[in-house]
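Spelled out, the chains give:
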Amino acid sequence: MEDSQGIPLLHKLIEHKKKNPISFHVPGHKNGQVFPSHSEDLFKSILSIDLTEITELDDLYVPEGAIKQAQILAAEWFQVDASYFLVNGSTVGNLIMIMATCGPGDLVLVQRNCHKSILNGLELSGAKPIFLTPEYDTEVNRYGAPSTKTLEEAIHKYTNIKALILTYPDYFGRTYPLKEKIELAHAQKIPVLIDEAHGVHFSLPFIDQPSAIELGADIVVQSAHKMAPAMTMAAYLHINSAYVNKERVEHYYQMLQSSSPSYPIMASLDVARFYLQNFKAEQMTNLQESIDLIKNELEACDYVKVLETTSLDDPLKITLETINGVSAREVARLFEKEGIYPELVTTNQILLIVGLEPYIDLESLKKSIKSVNKQLILQPKHDTINKYTELFISKIQTLHYAYNEMRSMETKIEKLEEAIGEVAAEQIIPYPPGIPLIAKGEKITKNQVDHIVELLNKGVSFQPRDVKKGIRIFL
Ligand SMILES: Cc1ncc(COP(=O)(O)O)c(C=O)c1O
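Everything numeric in this text was worked out from a predicted model, so none of it was measured.

*Asks:* Looking at this structure, how should I read the overall build of the protein chain?
*Replies:* Across its full length, the protein chain carries 15 helices and 18 strands. Over its C-alpha trace the protein chain gives a radius of gyration of 23 Å, about what one expects of a compact globule, namely 23 Å for 475 residues. Its C-alpha atoms give the protein chain principal-axis dimensions of about 65 × 60 × 45 Å. When burial is assessed residue by residue, the protein chain has 55% of its 475 residues classed as buried.

*Asks:* How should I be thinking about empty space enclosed by the protein in this particular structure?
*Replies:* Rolling a probe over the atoms, with the probe sized like a water molecule, indicates the empty space that remains. The final tally for this structure, using the stated rule, is 2 cavities of 30 Å³ or more. Put simply, the largest cavity is a space of about 80 Å³. Surrounding the largest cavity, Val140, Arg142, Phe172, Leu307, Glu308, Thr309, Asp313, Asp314, Lys317 and Thr319 form its lining. Split by residue class, the lining of the largest cavity holds 3 nonpolar, 2 polar and 5 charged.

*Asks:* Got a minute to help me understand the sheet that holds strand 10 (residues 304-306) in this structure?
*Replies:* Strand pairing in a sheet relies on backbone hydrogen bonds. The paired strands run either parallel or antiparallel. Ordered in space as 10-11-13-12, the 4 strands form an open sheet in which the pairing is antiparallel. Bordering the open sheet on either side are strand 10 and strand 12 (344-345), each of which pairs with just one other strand. Helix 11 (residues 281-299) contacts strand 10, strand 11 (317-322) and strand 13 (349-353) of the sheet and is inclined by roughly 10° relative to strand 11. Against the sheet, helix 12 (residues 328-337) engages strand 10, strand 11, strand 12 and strand 13, with an angle of about 40° to strand 13.

*Asks:* Whenever I open this one, the packing of helix 3 (residues 66-78) against helix 10 (residues 263-277) confuses me. Can you help?
*Replies:* When two helices pack together, their arrangement is given by the angle between their axes and by how far apart the axes lie. Contact pair helix 3 / helix 10: the axes reach a minimum separation of 10 Å and the direction vectors enclose 35°. In the packing of helix 3 onto helix 10, the handedness of the crossing is left-handed. Where helix 3 abuts helix 10, its residues Ile67, Ala70, Leu73, Ala74, Trp77 and Phe78 lie against Tyr263, Met266, Asp270, Arg273, Leu276 and Gln277.

What counts and how
Per chain, the residues get numbers from 1 upward, laid out in the order the sequence is written. For this predicted model, a pLDDT threshold of at least 70 governs which residues receive local features, and a threshold of 80 or more governs which side-chain atom pairs are given and counted, while totals over whole chains, interfaces and linings are taken from all residues. As a rule here, side-chain values come from all non-hydrogen atoms in the structure, and water together with hydrogens is ignored. In DSSP terms, a helix is any run of H or I states spanning at least four residues, a strand is any run of E spanning at least two, and both are numbered starting from the N terminus. The reference for a compact globule is 2.2 Å times residues^0.38; the radius of gyration itself is calculated from the C-alpha atoms. Only protein chains enter the calculation, and the probe is 1.4 Å; a residue is then buried if its accessible area is under 20% of its type maximum, exposed if over 50%, and partly exposed in between. Residues are called lining when one of their atoms sits within 4 Å of a cavity or pocket point, these points coming from a 1 Å grid over the protein atoms alone, where a cavity is a set in which a 1.4 Å probe fits but cannot get out and a pocket is an open set with protein on both sides within 12 Å along at least five of seven lines. Grid points are joined across faces, edges and corners, and a volume is the space filled by probe spheres set on the points. Under the convention adopted here, Pro, Cys and the residues Ala, Val, Leu, Ile, Met, Phe, Trp and Tyr are nonpolar, Asp, Glu, Lys and Arg are charged, and Gly plus all remaining residues are polar. In this analysis, strands are considered paired if DSSP registers two or more bridges between them. In this description, contact between two residues means that some pair of their heavy atoms is separated by no more than 4.5 Å. A fitted line through C-alpha atoms serves as each axis, taken over the contacting stretch for helices, and the angle formed by two N-to-C directions is quoted from 0 to 180°. By the definition used in this description, the sense in which the near helix is turned from the far one sets the handedness, with an anticlockwise turn below a right angle giving left-handed and a clockwise turn giving right-handed.

What follows is the structure, encoded as structure tokens:
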């Protein structure tokens, strides 16, 4: 790349590469010169900038040069007090924001249908989660966010709450009125931590959905790699608040990330910010046109409907819902057979995510959909679970045991049916999306087990292991 002005970290890496440097430092591939020949071509260009903290290239944990400049430019673009580059995704960002704000025994309000990294962060910190049950959103047939009323009740019920943790938008790109929740929390001086893994592009003025930063959140974590052109694992943590102790964030920032952060990932964060900053209205128009055309083609698929994109929904996410009793997994299987790879498949929905530029060949999409239609005619139809499954007992829930108690308790694997009424000693996570169906320390309900069985019958995979063999429970 000739013109790397305005992208300081990338620029430094390119300058270094131009010197044909002799590497007597890690990594072992020596700027790509020591690499197995069978895969050299594939890796070569990226390895040439896969460097380490040599002079000129700055240090992520004591930034004074190019990394510092790149982070300042990011903070300016996202309009925050400080932006930090993350090399282990929003996963590590969520761990950092929780560790920096919550300690052992601290009460934390948290949306129950959060990503597993939020629950992992709470367990690591030893905080006491108070789960806010999400509302079922009948418009999209999924659980959404907890209501403001539920939040109000929790704030009223508990004192000395250390943080409110919410996910915004959800995996499907759906937002909700976040500002009123932030204001409620702030009225009690409770910092609001937002997992905005799916919303880095909300920083664009052409996207109608506001970012949590704009709505007043105190810490916001964004996976640049999910919705912007950045390498996998590239993410940002933004601080925008006097409520947050920056030193504590920086302490866990260097503790929880690798001491050898990847320069290609960091440079891609610099590139992603530059890309967003230079994104033009005309590009947005082209993108919207392309999304409309893609949706048109998808509408031709006989057994799915394209859910309407409302003012709450990210325009880059397309959700297909199966109709006429066809299983979403079956449709997705046929899509994949035709070379179309969705992001996520649930029992009744398929999530497709597009990039910020048109890149889909509509003709080949049309052909693939035609072929899927032909094959679907021949398929036996299955019942889908469009019905609403009540997964939560009450609007506000706590764990049965505190995390520090759980550390020393004995556990065993119990058969699914027999685990009902027992306390889970592990998270049970349908993957993707990575939202625990059962949280560690939660009493297992019949509805949860029934839902697991239903998902298993639909071929859904689970973490941390094959749940058919049972669930780990506390003795
Ligand atoms: C809501 C949410 N938060 C956090 C994460 C973790 O993000 P990352 O993959 O960047 O670590 C994900 C990943 O899918 C997610 O969906």
